[in-house]
Amino acid sequence: MKIRTAKEQDLPQIVAIYNQAIPSRRITADLTPVTEQGRRPWFEAHLNSRRHPIWVLESAVEKNKVFGWCSFSPFYDRAAFDQTVEISVYLDPSAKGRGYGSQAVRFLQAQMEELDVHTLMAYVIEENHVSRKMFEKQGFRQWGRYPNIANMGDSLQTFLIYGYQKSVE
């Protein structure tokens, strides 16, 4: 697996991978598929941001085969929160269960110092046991719980907040 900064031509694969997560209603809070056009402002904001990049996970075997992506996003639009980012990790279903999510999280943790990030935050639907286990395995701790906050159409879902901080010296 290779992780690299996303390029303009990666948007279709990023959107396709994201859209694969929507039908489960236990991974993302979107209820209908997103479009490339609708995600373009979000994507361009990441492409043009030093502090909040998006990266793609590429196959080491199949050249240019993107099977996942991860990103840093602003946590909260206030100056005091500049050193905190929300992270996202999405994988194509064919890539799940192979440790790539954990590798992506370790990669994000490794980017913290270079990008002057102190805290990583992740929002996880409580029923998403795979993501919860992955974050916990990488040193994240559950910091909060928003009960029944998301109406997913088939149920009300609880969001958990996971956090990770680099050591304070």
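Residues numbered from 1 in each chain as written. Predicted model: local features only at pLDDT ≥ 70, side-chain atom pairs only at ≥ 80, totals over all residues. Heavy atoms only, no water.

Here the focus is the packing of helix α1 (residues 11-21) against helix α2 (residues 36-47). Contact pair α1 / α2: the axes reach a minimum separation of 10 Å and the direction vectors enclose 110°. Taken as axis vectors, α1 and α2 run roughly perpendicular relative to one another. In this structure, α1 uses Leu11, Pro12, Ile14 and Val15 to contact α2, whose residues at the interface are Glu36, Arg39, Arg40, Trp42 and Phe43. A class-by-class count of the residues in the contact of α1 with α2 yields six nonpolar, no polar and three charged. (Axes fitted to C-alpha atoms, helices over the stretch in contact; angles between N-to-C directions. Helix = DSSP H or I, 4+ residues; strand = E, 2+ residues; numbered from the N terminus. Parallel < 35°, antiparallel > 145°, perpendicular 65-115°, else oblique. Contact = heavy atoms within 4.5 Å. Nonpolar A, V, L, I, M, F, W, Y, C, P; charged D, E, K, R; others polar.)

Here Arg25, not a glycine, exhibits a phi torsion of approximately 55°, which is positive. Backbone geometry places Asp116, a non-glycine residue, at a positive phi of 55°. Relative to the assigned elements, Asp116 resides in the loop between α3 (100-111) and β5 (119-125).

Let us now look at the packing of aromatic side chains. Under the defined criterion, the tally for this structure stands at 14 aromatic pairs. Measuring from ring centre to ring centre gives 4.9 Å for Trp69 and Tyr90, while their planes differ by 25°; the resulting arrangement is stacked. Note that Trp69 is positioned in strand β3 (residues 66-74) and Tyr90 in strand β4 (residues 84-91), a separation of 21 residues in sequence. For Trp69, a relative accessible area of 1% corresponds to the buried category. When its relative accessible area of 11% is taken as the criterion, Tyr90 is described as buried. Relative to Phe81, the ring of Phe75 lies with its centre 5.5 Å away and its plane at 70°, an arrangement referred to as edge-to-face. Residue classification places Phe81 among the partly exposed residues on the basis of a relative accessible area of 34%. Taken together through their ring pairs, the aromatic side chains of Tyr18, Trp42, Phe43, Trp69 and Tyr90 make up a single cluster. Sitting above the plane of the Tyr18 ring, Arg39 keeps its charged end 5.0 Å from the centroid. Its end group placed over the ring of Trp42, Arg39 keeps NZ or CZ at 4.1 Å from the ring centre. (Phe/Tyr/Trp six-rings, centres within 6.5 Å; stacked < 30°, edge-to-face > 60°. Buried < 20%, exposed > 50% of the residue type's maximum accessible area, 1.4 Å probe, protein only. Lys NZ or Arg CZ within 6 Å of the ring centre and 35° of its normal.)

Here we come to helix α4 (residues 129-137). Those residues of α4 that fall on the buried side of the exposure criterion are Ser131, Arg132, Met134 and Phe135. Taken around the axis of α4, the buried residues stretch over an arc of 165°, which confines them to a single face. In α4, the exposed residues that point more than 90 degrees away from the buried face are His129, Val130, Lys133 and Lys137. Those residues of α4 that are buried lie in contact with β4, α3, β5, β6 (141-151) and β7 (156-165). Trailing α4 by a residue or two, Gly139 shows a phi angle of about 95°, which is positive. (Arc of directions from axis to C-beta.)

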